[in-house]
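Listed here are the chains, written in short residue letters.
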Amino acid sequence: MSSLRDSVLLDIRLGADARRHIAERGLSPRDITCMPAAAGGPKGLALLPFDRLFAREWLPQTKRIELIGASIGAWRMAALAHADPLRALDRLQTAYVREQNYPHRPSTSQVATVCRGVARALTKDTALRLADRVSLSIITARARGPLAAGTRGAFARAAIANTVARRRLAAHLERVVFQAGAPPRLAVRDDPFGYETVPLTQVNLEDALLASGSIPLICDPVRNIPGAPSGDYWDGGLIDFHLLLPYRELGGVVLYPHFVPWVTPGWLDKSLRWRARPRDHAWLANVVLIAPSSAMLQRLPNGKLPDRSDFYHYGVDHAGRIAAWERAIAECERFAEAALAWLNQPDLSLARPL
């Protein structure tokens, strides 16, 4: 295990309640009530080493925990919720890194086929078996209004509506959450996007995972998922990019391993300066967010996290991309060790407000 001298690799942000909890009672696995996992494509690969350490050392000691994610975050949490999380995380990494080999300018159907293969690799030969104390929630975005009608320019209209006000995006997208395991307590009430819940089963698991990561204009939607309302399902990050949700209602501490030290509400908000990095949000009061520091990022290939631009940068040089991503994941083992060392012995002087 890394020493706290490696804390320079961490960017730690605390909500006010989380700081108070740690100051008064310290921190233990039994305090953790929820782990969110953001959308963000290949950036999520940087957190796989932390997921493995958490699965080995903290997850078995939790009292009751909700795992919730969108896009690659949903894929990570589905692996973590599995009866054999380490094996599932290994399958996810291998499939996501090594099997996403696209031709030059792939069609949306080609991308959908490859991504389905990744989802299938994660779920094949495995039953959906969760421990009694674990709940799993996979966030998707169901098209409605102009998007559901397939109107030309519908996504451009949705983006414009979101720029005017986030609530206006709800005329185009509805939040649908696929759930399994222990009854979850986290929900969003009085929200224009809704919080439609659907039982997550072995029959719809692959479709739900694929839908949660299906990016408009890059990938085909997933249509008519079994057990869910009919329609087209898209990336859950469109509504819940970094999962800004009412965690305070859960009590305890929410542990949020993240790849950036802020929580952006929706994917379309990331370019809106006034909405991209909310500060001191009431919903995040009990959150402990741990992200790689700028010093950590400098250690990675190209000085950054893996991201979707790598598909364009490397093109059909699949071996070059795979080598860069695998090196980045290996480097992030130091981040994971430093993060778990801090959790085991929190030093509040190293943390800043969230």
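Before any of the text, the structure's been laid out above.
Residues numbered from 1 in each chain as written. Predicted model: local features only at pLDDT ≥ 70, side-chain atom pairs only at ≥ 80, totals over all residues. Heavy atoms only, no water.

A. The arrangement of the layout of surface pockets in detail. The space that makes up the largest pocket amounts to roughly 570 Å³. Together, 28 residues line the largest pocket, and Tyr102, Val111, Ile218, Phe311 and Tyr312 are the ones closest to its centre. Mapped by element, the contributors of at least two residues to the lining of the largest pocket are helix H3 (72-81), helix H5 (108-123), helix H11 (309-314) and helix H12 (318-344). Examining the composition of the lining of the largest pocket, we find that three residues originate from one element, H5, more than from any other. (1 Å grid on protein atoms, 1.4 Å probe; cavity = no way out; pocket = protein on both sides within 12 Å on 5 of 7 lines; lining within 4 Å. Points joined across faces, edges and corners; volume = space filled by probe spheres on them. Helix = DSSP H or I, 4+ residues; strand = E, 2+ residues; numbered from the N terminus.)

B. Local environment of the packing of aromatic side chains. A complete count under the given rule lists seven aromatic pairs for this structure. Centre to centre, the rings of Phe311 and Trp325 are 5.3 Å apart; their planes meet at 75 degrees, and the pair counts as edge-to-face. With Phe311 in helix H11 and Trp325 in helix H12, the pair connects residues that are 14 residues apart, well separated along the chain. Here a set of aromatic residues connected by ring pairs shows up, and it is made of Trp75, Tyr96, Tyr102, Phe311 and Trp325. A cation over a ring is seen here: Arg321 above Trp325, with NZ or CZ 4.6 Å from the ring centre. (Phe/Tyr/Trp six-rings, centres within 6.5 Å; stacked < 30°, edge-to-face > 60°. Lys NZ or Arg CZ within 6 Å of the ring centre and 35° of its normal.)

C. Layout of the side chain of His82. Relative to the helices and strands, His82 resides in the loop between H3 and helix H4 (85-98). A distance of 2.8 Å separates a polar side-chain atom of His82 from the backbone nitrogen of Asp84. (Polar contact = N/O pair within 3.5 Å; in protein donor to acceptor, adjacent residues only side chain to side chain.)

D. Expanded view of the pairing of strand E2 (residues 32-37). Counting buried positions over the six residues of E2 gives six, a clear majority of the element. In this sheet, strand E9 (residues 253-257) lies alongside E2 in parallel orientation, the contact comprising two bridges. Bridging from a neighbouring strand, Ile32 pairs with Val253 of E9. Relative to strand E3 (residues 65-70), E2 is paired through four bridges, and the arrangement is parallel. Opposite Met35, over in E3, you have Leu67 as the bridge partner. As a crossover connection, the stretch from E2 through helix H2 (residues 48-57) into E3 is right-handed. (Buried < 20%, exposed > 50% of the residue type's maximum accessible area, 1.4 Å probe, protein only. Pairing = 2+ DSSP bridges. Right-handed = clockwise from strand over helix to strand, strands pointing away.)

E. Geometry of the nonpolar core. Among the nonpolar cores identified, the biggest contains 111 residues, and Phe178, Val288, Ile290 and Leu343 are the most heavily contacted of them. With twelve residues, the top contributor of residues to this core is H12. What Phe178 contacts, discounting residues up to four positions off in sequence, is Leu136, Ser137, Ile138, Thr140, Val198, Pro199, Leu200, Asn204, Ala208, Ile225, Ala228 and Tyr233. Within the second largest apolar cluster, twelve residues are counted, among which are Ala141, Ala154, Ala170 and Phe193. (Core = buried A, V, L, I, M, F, W, Y, C linked by side-chain atoms within 4.5 Å. Contact = heavy atoms within 4.5 Å.)

F. Structural context of the packing of H3 against helix H8 (residues 205-212). With their axes 7 Å apart at the nearest point, H3 and H8 run at an angle of 145 degrees to one another. Where H3 crosses over H8, the handedness of that crossing is left-handed. On H8, the residues touching Ala74, Trp75 and Ala78 of H3 are Leu209, Leu210 and Ser212. Here the residues of the contact of H3 with H8 sort into five nonpolar, one polar and no charged. (Axes fitted to C-alpha atoms, helices over the stretch in contact; angles between N-to-C directions. Left-handed = near helix turned anticlockwise from the far one by under 90°. Nonpolar A, V, L, I, M, F, W, Y, C, P; charged D, E, K, R; others polar.)

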